[in-house]
Amino acid sequence: MTEQVIAGTDLSRLRELNSLTVVRALRDQPPTTVTELASVTGLSRPAVDVIAQGLVSSGWATVVEPGGSSTVGRPARRYRFRATAGHVIGVDVGGHKILVLLADLDGNVVHTARRSVAADADPASRLAALDEILAACLRDAGKTASDIWAVTVGVTGPVDASGKTTLFTPLPGWQTVDLATHLSDRFTCPVIVENDCKLAALAERWRGTARDANDIVFLLAGMRMGAGLIIDGVLRRGFGGAAGEIGALKAVKWLTAPSHLQRCPGVPPTVGPDDAAAWVFNAARDGNRDARTAVNRYVKDVAIGTAALVLALDPQVVVFGGGFSRSADLVLEPLHRELRKLVLRMPEVRASTLGADSVALGALRLALNEVDQRLFSVGLSAPVAPRR
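About the cut-offs
Residues numbered from 1 in each chain as written. Predicted model: local features only at pLDDT ≥ 70, side-chain atom pairs only at ≥ 80, totals over all residues. Heavy atoms only, no water. Phe/Tyr/Trp six-rings, centres within 6.5 Å; stacked < 30°, edge-to-face > 60°. Helix = DSSP H or I, 4+ residues; strand = E, 2+ residues; numbered from the N terminus. Buried < 20%, exposed > 50% of the residue type's maximum accessible area, 1.4 Å probe, protein only. Axes fitted to C-alpha atoms, helices over the stretch in contact; angles between N-to-C directions. Parallel < 35°, antiparallel > 145°, perpendicular 65-115°, else oblique. Left-handed = near helix turned anticlockwise from the far one by under 90°. Contact = heavy atoms within 4.5 Å. Nonpolar A, V, L, I, M, F, W, Y, C, P; charged D, E, K, R; others polar. Pairing = 2+ DSSP bridges. 1 Å grid on protein atoms, 1.4 Å probe; cavity = no way out; pocket = protein on both sides within 12 Å on 5 of 7 lines; lining within 4 Å. Points joined across faces, edges and corners; volume = space filled by probe spheres on them. Domains from an automatic or database assignment.

Participant: Break down the packing of aromatic side chains for me, citing the residues and quoting the values.
Facilitator: For the structure on display, the rule yields three aromatic pairs. Ring plane angle 65° and centroid distance 5.9 Å describe the contact between Trp 60 and Trp 149, whose orientation is recorded as edge-to-face. Separated by 89 residues along the polypeptide, Trp 60 in the loop between helix H3 (45–58) and strand E2 (61–64) and Trp 149 in strand E7 (residues 148–155) bring together distant segments of the chain. Here the two residues Trp 60 and Trp 149 agree in accessibility, since each one is buried. Both rings, one in Phe 281 and one in Phe 324, keep their centres 5.3 Å apart while their planes meet at 75°; by these two values the pair is edge-to-face. In this pair, Phe 281 is assigned in helix H8 (residues 273–285) and Phe 324 in the loop between strand E12 (317–321) and helix H10 (328–342), connecting sequence segments 43 residues apart. Across the pair, Phe 324 and Phe 281 agree in class, each one buried. Following the ring pairs from residue to residue traces out a cluster consisting of Phe 281, Tyr 298 and Phe 324.

Structure follows, in structure tokens:
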């Protein structure tokens, strides 16, 4: 009797594993026939046929009807992963804005919401703004919190294992904020908090300029500098979440690099500190000598910390991203020139193609990774399973 129970359990688990194999294949393929799925998965065609029909019934797959007309027999039925079975949310909580992206399980963004926030906002005000924009995003997308399978939030500063920025953050009072606990009142799904630089690095490898690379140094360049590191295709956090925070070392000059732009001679008094860099980049583009000097000094300081990371990690690609990537036309050539003086092997230097959305897109990617990890480690009967 015991052997029969064990055998029955093993058979049930085998069916589950086979179904997961087909689901994974569907996620990685365009609409696919049973014959093609059998070839990809190594399962028999009859087994795949039964599994595919079961996945349609349970909401994990849909049937793609053949288009056009055929005079030679009946076209083979094709199956596609049902990406709308669930949704994920990626959030960028920055110093001046909150950006929310809502996407299906293929990562297709179905709704975007953005809101400005004062740089000096206290934690209560920033959290209230976050709650309001999340509620508006769900409402406008026609979704509820129960439709969301994972949420990732990007914040400024290194994030420890508890999801807090206890080491440092430029967001006023944010070191004491437990963002995951705060959002758990709204969402029952996993809520992940991660550093913005690391998420932007993920985004560049997923949908940006570094899709062909496994070893990446991402530079988040703005009024502060930070770095995200992907080595051997894996995002590196470090023991306490502070990997890439080389700017904390004053000798590499990342802390003071933006001051060259802020203190550039000729910046009109009506231009505030946060807008000075944009004015300087524009002036440099127009040939202003002082502005060009300021940009070159800024790049030289950026190159020091970047060179330290390149020497330590030997990346294939350095991606120049963040707000200043809009002026990559002024930065890439001198950055390449300065790096060549400092490193043993010169990596490619590329400009980000994702702009201000990179952190939120990386948050989506990490949320999708969480869904996949739960799905393929726990199974189709896990809480991530679609509700019909």
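Participant: Which residues make up the packing of helix H9 (residues 289–313) against H10, and what values go with them?
Facilitator: Viewed as axis vectors pointing N to C, H9 and H10 meet at an angle of 50°, and their least axial separation amounts to 8 Å. When the interaxial angle is binned, H9 and H10 end up oblique. Every pair of crossing elements has a handedness; the one defined by H9 and H10 is right-handed. In this structure, H9 contributes Val 295, Asn 296, Val 299, Lys 300, Val 302, Ala 303, Ile 304, Thr 306, Ala 307 and Leu 311 to the contact, and H10 contributes Leu 330, Val 331, Pro 334, Leu 335, Glu 338, Leu 339 and Leu 342. Taken together, the residues that form the contact of H9 with H10 break down as 13 nonpolar, two polar and two charged.

Participant: Could you give me a rundown of the pairing of strand E5 (residues 97–104), with the residues and numbers involved?
Facilitator: Counting buried residues along E5, seven of its eight residues qualify, which places the element largely inside the surrounding structure. By the bridge criterion, seven bridges tie strand E4 (residues 87–93) to E5 in an arrangement that is antiparallel. Looking at the pairing, Val 88 lines up with Ala 103 of E5. Where E4 hands over to E5, the hairpin turn is made up of three residues, counted between the paired strands. In this structure, E5 lies alongside strand E6 (residues 109–116), joined through seven bridges in antiparallel fashion. Residue Ile 98 lies in a different strand from E6, and its bridge partner there is Arg 115. Hairpin geometry of E5 and E6 is characterised by an intervening segment of four residues between the two adjacent antiparallel strands and by a positive phi of about 85° at Gly 107.

Participant: Describe the layout of surface pockets, naming the residues involved and giving the relevant values.
Facilitator: Its boundaries defined by the atoms lining it, the largest pocket holds a volume of some 1100 Å³. Surrounding the largest pocket, 34 residues form its lining, Gly 95, His 96, Gly 222, Met 223 and Gly 323 being those nearest its centre. In terms of residue count, H8 provides more of the lining of the largest pocket than any other element does, seven residues in total. Taken together, the residues that form the lining of the largest pocket break down as 14 nonpolar, 11 polar and nine charged. Counting contributing residues, the lining of the largest pocket receives three or more from each of domain 2 (86–200 + 358–378) and domain 3 (211–353).

Participant: Pulling in residues and values, what's your account of the sheet that holds E7?
Facilitator: The strand order across the open sheet built from five strands is E6-E5-E4-E7-E8, with neighbouring strands paired in mixed fashion. Of all the strands in the sheet, just E6 and strand E8 (191–195) have a single pairing partner and so form its edges. Looking at each pair of strands side by side, their axes are set apart by 15° on average, direction ignored. The sheet contact formed by E4 and E7 spans six bridges and is parallel.

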